[in-house]
Amino acid sequence: MGGFLMTDSVINIDNKQLLLSYIFAIIAMILTSVNGINRNKDIVIGTIRMTVQLFIAGYILVYIFDSSSFILTVLMLAVMEFFAIFNIVSSKKDKFNKKLIGSIAISQIIGSIFSLAFFLLIVIRPKPIYNPQYLVPLGGMVIGNSMTGINLALNSIESSIEDKRITIEGSLMLGATPRMAMNKIIQSSFDTAITPTLNNIKNMGIISLPGMMTGQILGGVSPLIAIRYQITIMTAIMSSVTICVFIFLRLAYKKFFNDQDQLI
């Protein structure tokens, strides 16, 4: 399948127009201040970080796209996986069980890579298969959504264990295995983690036009082609999120118990 169809109708955004867009950030700062919420520092830092990071990513992607290097493309994918795992771990400000890092890494990598590989090898089939024009942006969407799913599952299972510690310990005293004692918590955490993705899919096309589809249309691609791409990538994202969360919860719950099956 060929690349995206670009036309001369694409409107370029110059530096002046880019600077004008920061007015939206100023509006956000004003409204948060009016509501008595001092988030101006976060807005400024977030906007600056976003700008710097995206420009760096843009220049890197231009180089990778021009080189069409297999090594650079795979390296870019590995970097995205690393930072996805790092972001999940670093988001935990409270005491973090370091035993969970392995579960996070395994689930994130297996789930996202499996879905991305199937998507490229079976559905899109670009030539070459590692074409960075497809692998990098599609990989970013799959990896990013999988990261969010695992993070939600992690937060849910930790909070549920804290809230239901007495119930879990009571089940263990009555002879239940850790898996049996954690079954409802695992189910609830799984549902919590995948719900945003499912809601996003249900509302797509009616309430909102997703970013990938919008970007393709602005780039001159036929809306019908953009729709097909969006449907395929969203099913890949849904698959990746569910696989990652499923694997994570099956591995992670064990890390909350010691060798004597006692709740830590």
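No experiment lies behind these values; they were computed from the predicted model shown.

K.L.:
Any chance you could explain the overall build of the protein here in plain terms?
P.N.:
Along its length, the protein carries ten helices and zero strands. Mapped in sequence order, the helices and strands of the protein form the string α-α-α-α-α-α-α-α-α-α. With respect to the three principal axes, the spread of C-alpha positions in the protein is 70 × 50 × 35 Å. Relative to its 264 residues, the protein shows a buried fraction of 32%. A sequence separation of at least 24 residues applies to 75% of the contacts in the protein between residues at least 6 apart. Taking the 20 positively charged and 13 negatively charged side chains of the protein as two groups, their mean positions are separated by 3 Å.

K.L.:
Teacher, can you tell me more about the UniProt feature "transmembrane region" (unreviewed entry) in the protein here?
P.N.:
Per the UniProt record, "transmembrane region" (unreviewed entry) is found at residues 20-37, 44-64, 70-89, 101-122, 134-154, 206-227 and 233-253. What you have in residues 44-64 is 100% helix and 0% strand, and the ends, taken at the C-alpha atoms, are 30 Å apart. Across residues 101-122, helical content stands at 100% and strand content at 0%; the span's end C-alpha atoms are separated by 31 Å.

K.L.:
What is the right way to read the environment of Leu 249 from this model?
P.N.:
Residue placement: Leu 249 occurs in helix 10 (residues 223-252). Sequence separation between Leu 249 and Thr 177 is 72 residues, and the spatial gap between their C-alpha atoms is 16 Å. Excluding its chain neighbours within four sequence positions, the residues that come into contact with Leu 249 are Ala 153, Ile 157, Ile 186, Ser 189 and Phe 190.

Quick notes on the rules
- Residues numbered from 1 in each chain as written.
- Predicted model: local features only at pLDDT ≥ 70, side-chain atom pairs only at ≥ 80, totals over all residues.
- Heavy atoms only, no water.
- Helix = DSSP H or I, 4+ residues; strand = E, 2+ residues; numbered from the N terminus.
- Buried < 20%, exposed > 50% of the residue type's maximum accessible area, 1.4 Å probe, protein only.
- Contact = heavy atoms within 4.5 Å.
- Lys, Arg positive; Asp, Glu negative; His and termini not counted.
- Charge placed at Lys NZ, Arg CZ, Asp CG, Glu CD.
- UniProt positions renumbered as here; feature names shortened; annotations may be inferred.

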